[in-house]
Amino acid sequence: MSSPVKHIDPAFHGVGQKPGTEIWRIENCQPVPLPKSDYGKFYMGDSYIVLQTKTGKGGSNLYDIHFWIGKDTSQDEAGTAAIKAIELDAVLGGRAVQHRELQGYESDKFLSYFKPCIIPLEGGIASGFKKPEEEEFETWLYVCGGKRVVKLRQVPFARTSLNHDDVFILDTQNKIYQFNGANSNIQERAKALEVIQFLKEKYHDGTCDFAIIDDGKLGAESDEFWALFGGFAPLGKKVTSEDDDIPDTTAQVYSVTDVELKPIEGELSKGLLETRKCYLLDCGAEVFVWVGRATQLEERKAASQVAEDFVRSENREQTARIICVIQGHEPYSFKSNFDSWPPVGSTAPSIEEGRGKVAAFLKKQGVGAAKGMSKSTPVNVEVPPLLEGGGKLEVWCINDNVKKPIPKDDIGKFYSGDCYIVLYTYPSGEKKEDYYLCCWIGKDSIEEDRKMAYMLANTFFNSLKGRPVQGRVFEGKEPPQFIALFQPMVVLKGGLSTGYKKSIADKGLTDETYTADSFALFRISGADMHNNKVVQVDAVTTLLNSTECFLLQSENAIFLWQGNQSTNEQKQLASKIAAFLKPGVPVKNSREGKESNSFWLALGGKRSYTSEKASFGSARDPHLFTFSFKKGKFEVEEVYNFSQDDLLTEDIMILDTHEEVFVWVGQYVDVLDKESAFELGQKYIDRATSLDGLSPNVPLYKVTDGNEPSFFTTFFSWNHSRATMQGNSYQKKMALLFGASLALMLGGGPAAEETRTYKGYQGGLTQRASALAALTSAFNSPPTKSTPSAQDPSRGNQSGPTQRAAALAALTSALNPAAEPKTSPPKPLIRQGSQRAEALAALSSAFNSSSESKVSSSKPIYRQASQRSAAIAALASVLTAEKKSPDVSPNKYAASPLSITSPPSDTKSEVDLSEAEDPEEVAKTNEEDSEPKEEIEKDEDASSDTIN
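So, how was this worked out
Each chain carries its own residue numbering, running from 1 in the direction its sequence is written. Only residues with pLDDT of at least 70 are given local features in this predicted model, and only at 80 or more are side-chain atom pairs given and counted; all residues enter the totals for whole chains, interfaces and linings. Each side-chain value is worked out from all heavy atoms of the structure, with water and hydrogens disregarded. To qualify as a nonpolar core, a set must consist of buried Ala, Val, Leu, Ile, Met, Phe, Trp, Tyr and Cys residues joined through side-chain atoms within 4.5 Å. Accessible area is worked out with a 1.4 Å probe on protein chains only. A residue is then buried under 20% of its type maximum, exposed over 50%, and partly exposed in between. Only DSSP runs of H or I covering at least 4 residues are called helices, and only runs of E covering at least 2 are called strands; the numbering of each starts at the N terminus. By definition in these notes, contact holds between two residues if any of their heavy atoms fall within 4.5 Å. At least two DSSP bridges between two strands are needed for those strands to be called paired. Angular values range over 0 to 180 degrees, each being the angle between N-to-C directions of two axes fitted as lines to C-alpha atoms, with helices fitted over their stretch in contact. Each angle is binned into one of four classes, with values under 35 degrees roughly parallel, values over 145 roughly antiparallel, values of 65 to 115 roughly perpendicular, and all other values oblique. Throughout, a crossing is termed right-handed when the near helix is turned clockwise from the far one, and left-handed when it is turned anticlockwise from it by less than a right angle. Side-chain classes follow a simple rule in which Ala, Val, Leu, Ile, Met, Phe, Trp, Tyr, Cys and Pro form the nonpolar group, Asp, Glu, Lys and Arg form the charged group, and the remainder, Gly included, forms the polar group. Helix span is expected to be 1.5 Å times the residue number reduced by one. We define a polar contact as two N or O atoms separated by no more than 3.5 Å, with the added condition that, inside protein, one atom must be a possible hydrogen donor and the other a possible acceptor, whereas residues neighbouring each other in sequence contribute only through side-chain atom pairs. Stacked, edge-to-face and tilted labels apply to pairs of Phe, Tyr and Trp rings (six-membered ring for Trp) whose centres lie within 6.5 Å, assigned for plane angles under 30 degrees, over 60, and everything in between, in that order. Criterion for a charge above a ring: Arg CZ or Lys NZ at most 6 Å from the ring centre, at most 35 degrees from the ring normal.

With an unreviewed UniProt entry as reference, the chain is termed Gelsolin-like domain-containing protein, source organism Hibiscus sabdariffa.

Here is the structure:
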């Protein structure tokens, strides 16, 4: 047994007591607390330790430890950061999740602490730092990636760094430019706007100008931008490095024994992991070190070093993230590599029990936990916001494949063998009314009735223009906002539908459907508006509970049994239920311990029963996820420290509160994907049931963008004005940061932006950018030496510049028809075809006008002619491409029938200018291709120009 660590590093005394971030820098191989004023500054030559503390809904603190390694840091400092991170974990009770973060390859979770981004600085503690007065402003070019957290990477300030697929930020002393590649993701464009605002405020005192440059669109600002790169020219294809291309790896688990790795064969299962050992799980981009609760501190340090050696041997030292997890505190990203992860039960510790055992074990080794670590904050039960009162409530029961309305006096009675549709229409502050549409599924209902309920509810949803919050609620898992609609709500045995009656008859079962003359027992547990559901249970003595009230209905009387630990509110509710079920029948009160013989006789005799209050499980923290399909497998990825900004209107998101699951559907999601929302939600529930102990019958809601109810928005810091903003993510962010007027200046409306989801169209943008570059190069070729005759003024030469300007204007209008006001309907294709033909004709006239003059045939002139031919050929390819391409549907490019259609970033379409055709043939071809079509063509919306 290795010797224990008996002393806490002075830098770690009293840490982790409050929610928030704490940072240390490694100086001379020791952790030194970083001043809060320097939080977010990371020097390339240093290593840091970052502790993130969060108070969970269960009352205890949750910890994440990140040690950040700068690309120029020394090996000694990097090693010290790793070891000190383990010691910090021991101080916190040995239950933190540890992450190794490499500069340029930081995890989303780490980046979420420092929004909008981190910009590593040159220098370090060893090499020294530049003083502010010594710093001279340098122009930097960054590539900006990431839809929810920004991954900013500095690239060489050169035109060759630019491409059509990414978003770039050029930070100069007097102006900041954002260059949007033609194929770039509009969500990344939106995040880049946040970076511009950050740079402006942090490094320019909030005073510099900035401009948005759209790939392939010409203007004064774009001329200024390209001049910084030496002029406008075609861009090359995106170049990816080997480090960026991490191959998919089948997860492989290794046991760590005597600092050696031994592969474990067979399927991954939780049972492989022993509590006294450490294991390594290789997932390619991530390498997990799993630490058993009974391992010693030195064993954990050794396992961490083994992981470092492993990624080095696999040539992934500069890219792979190493994550260390403790038994009982595994994050979803770890558990998702297993087919199932049995929930905590009799063989596994609870959170509090596991924490206590870890802390006790480490104490035996001489490592004391931080003060207050063994205590948890008392849990306060939170009631989510309920729906506004004063609305209209309608309920239908499914029977014989139709919905039948429930009489007003019976609303609130639900039979376990039936399915119901509930529609609640209630007043709203900003709109005239909102809708809550829900299916209630009895646990004994038949599959045919369930499917019919779902189908009819969808019909309701569509008839109300997609505005209702649509839900599926299962018996026994009713959420507070559902229960609160019914005062009272009673769940009864049996069913009334024909399908249910036939089902139990076919199975030879006795029909126990409740009637007013039935012998029945009802449990009254909760008494508040949001939990006062009453359930019919088996009429046996053993189900009584001293903490509750019960109603016993016999043929001639109703008994109200009140447990000694029950409340007066429960008794009042029981009286209300008795009047609801059997109006006018007197109630006989029976206090626990003073029951009459007739009461016990009705129950079949007196027997023992419990006096313990029912447990409803521990509270869980909400989690927000995105999803994808990889090789046909449904996978989710968590969005850390989420906010309203993470609900991107082009996406579908999944919010799991553990009590409910919400599928949030953005406005710009493809129609077919919108219709698959419940199917997606069910896929998530199936996965989370096996990995995270989620109930398979958890309520499932579909929430649409702009129609979020209060019981959804309560999990965010919600801004209703932002929720009602129109436009895509880019337009919304522009309006939010810089005002709605600037968003309008950039041009385009929601309908135009939707066309950006077409891959074929994205390729067209790249072609157009290349064509314009070639055209500009031809027009702006360096002046050549010519004979005097070529310099003599002539009518043709005088009109050349004017013709070329007119040609360029016509070309710009043809290529950017969406820049026109959106108040009129889309132009028919015949008009667009004519416009393009006119543009080509004007262009040909401009290019060929100088040939009418008598010019000597010098070599430079031939070179210009070749350039111009190439430009016209490239232009013709652009103008005729959309006619030759088939109709494109966004859903055809989905990774799965259920995947989201979002602006793709992998389309590449380049124009080969070397394959130029004869200008006259090109013009002729374009005129033929300009014939009318029956369909209306969509085009790109202009979205650029200067922002001051």
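Now that the structure is up, let's keep going.
The subject of this paragraph is the nonpolar core. Among the nonpolar cores identified, the biggest contains 53 residues, and Tyr436, Phe482, Phe486, Phe522, Leu551 and Phe712 are the most heavily contacted of them. By residue number, the principal contributor to this core is helix α11 (residues 568-581), which donates six residues. Look past the residues within four positions of phenylalanine 482 in its chain and what remains in contact with it is Phe414, Val422, Tyr436, Cys438, Trp440, Val473 and Met489. Formed by 37 residues, the second largest nonpolar core is a distinct cluster that contains Val97, Ile654, Ala677 and Ala688.

Take the pairing of strand β23 (residues 520-524) next. Here is the key point about a regular strand: its side chains alternate between the two faces of the sheet. Across the five residues of β23, four count as buried, placing the element largely inside the fold. The pairing of β23 with strand β25 (residues 549-553) spans five bridges and is antiparallel. Counted as the bridge partner of arginine 523 is phenylalanine 550 from β25. For β23 and strand β24 (residues 533-537), the ladder comprises four bridges, and the chain directions are antiparallel. Paired with phenylalanine 522 across the strands is glutamine 536, a residue of β24.

So, on to the packing of helix α3 (residues 186-203) against helix α17 (residues 729-738). Viewed as axis vectors pointing N to C, α3 and α17 meet at an angle of 20°, and their least axial separation amounts to 7 Å. On the basis of the axis angle, α3 is roughly parallel to α17. Between α3 and α17 lies a crossing of right-handed hand. Counted together, Ile186, Gln187, Arg189, Ala190, Leu193, Glu194 and Gln197 of α3 and Ser729, Tyr730, Lys733, Met734, Leu737 and Phe738 of α17 form the full contact between these two elements. Grouping the amino acids of the contact of α3 with α17 by side-chain chemistry returns seven nonpolar, three polar and three charged.

A few words on the environment of lysine 477. Within the secondary structure, lysine 477 sits in the loop between β21 (469-474) and α9 (480-483). Residue lysine 477 is classed as partly exposed on the basis of its relative accessible area of 38%. Each residue touching lysine 477, except ones within four places of it in the same chain, is listed here: Ser695, Asn697 and Pro699.

Glancing now at the sheet that holds strand β26 (residues 558-562). Within the open sheet, the seven strands sit side by side as β18-β22-β24-β23-β25-β26-β27. Their pairing is mixed. Edge positions in the sheet fall to β18 (413-415) and β27 (587-591), since each has one partner strand and no second. On average, each strand axis in the sheet is inclined to that of its neighbour by 25°, with strand direction left out of account. In this sheet, β26 lies alongside β25 in antiparallel orientation, the contact comprising five bridges. Note that in β26 the partner of phenylalanine 550 across the bridge is tryptophan 561. With respect to the sheet, α11 is in contact with β18, β22 (489-492), β23, β24, β25, β26 and β27, its orientation differing from that of β25 by roughly 25°.

Attention shifts here to α3. Here α3 contains 18 residues, and its C-alpha end-to-end distance of 25 Å stays within 8% of the 26 Å for a straight helix at 1.5 Å per residue. Within α3, 14 of the 18 residues are buried, which leaves it mostly tucked inside the rest of the structure. Its side-chain oxygen 2.7 Å from the backbone nitrogen of glutamine 187, asparagine 185 forms the N-cap of α3.

This brings us to the side chain of lysine 733. By secondary structure assignment, the location of lysine 733 is in helix α17. Polar contacts involving the side chain of lysine 733 include one to the side chain of aspartate 645, which spans 3.5 Å. Setting aside residues up to four positions removed in sequence, lysine 733 forms contacts with Ala190, Leu193, Glu194 and Asp645.

Where helix α1 (residues 75-91) contacts helix α5 (residues 297-313), the axes come no closer than 10 Å and their chain directions differ by 145°. In terms of crossing hand, the pair formed by α1 and α5 is right-handed. In contact with Ala82, Ile83, Ile86, Glu87, Asp89 and Ala90 of α1, α5 contributes Leu297, Arg300, Lys301, Ser304 and Glu308. For the contact of α1 with α5, a count of residues per class yields five nonpolar, one polar and five charged.

Looking now at the sheet that holds strand β31 (residues 661-665). Strand order in this open sheet of 10 strands is β17-β16-β19-β20-β21-β32-β31-β30-β28-β29, and the pairing throughout is mixed. The two strands at the open ends of the sheet, each matched to only one other strand, are β17 (402-405) and β29 (633-639). Along the sheet, successive strands turn relative to each other by an average axial angle of 25°, direction set aside. The sheet contact formed by β31 and strand β32 (residues 700-704) spans five bridges and is parallel. The residue bridging valine 663 from the neighbouring strand is lysine 702, located in β32.

All right, on to the packing of aromatic side chains then. Inspection of every chain in the model, using the stated rule, returns 54 aromatic pairs. Here the aromatic rings of tryptophan 396 and phenylalanine 460 are separated by 5.0 Å at their centres, their planes lie at 45°, and the arrangement is tilted. Separated by 64 residues along the polypeptide, tryptophan 396 in strand β16 (residues 392-399) and phenylalanine 460 in helix α8 (residues 447-463) bring together distant segments of the chain. Of the two residues, tryptophan 396 and phenylalanine 460, neither departs from the other in class, the shared state being buried. Seen from their ring centres, phenylalanine 599 and tryptophan 600 are 5.2 Å apart, and the 75° between their planes marks the pair as edge-to-face. Exposure remark for phenylalanine 599: the relative accessible area of 1% places this residue in the buried category. Of the aromatic side chains, those joined through ring pairs into one cluster are Tyr436, Phe642, Phe662, Tyr701, Phe711, Phe712, Phe715, Phe716 and Trp718. Positioned above the aromatic ring of tyrosine 454, the side-chain terminus of arginine 472 is 3.7 Å from the ring centre.

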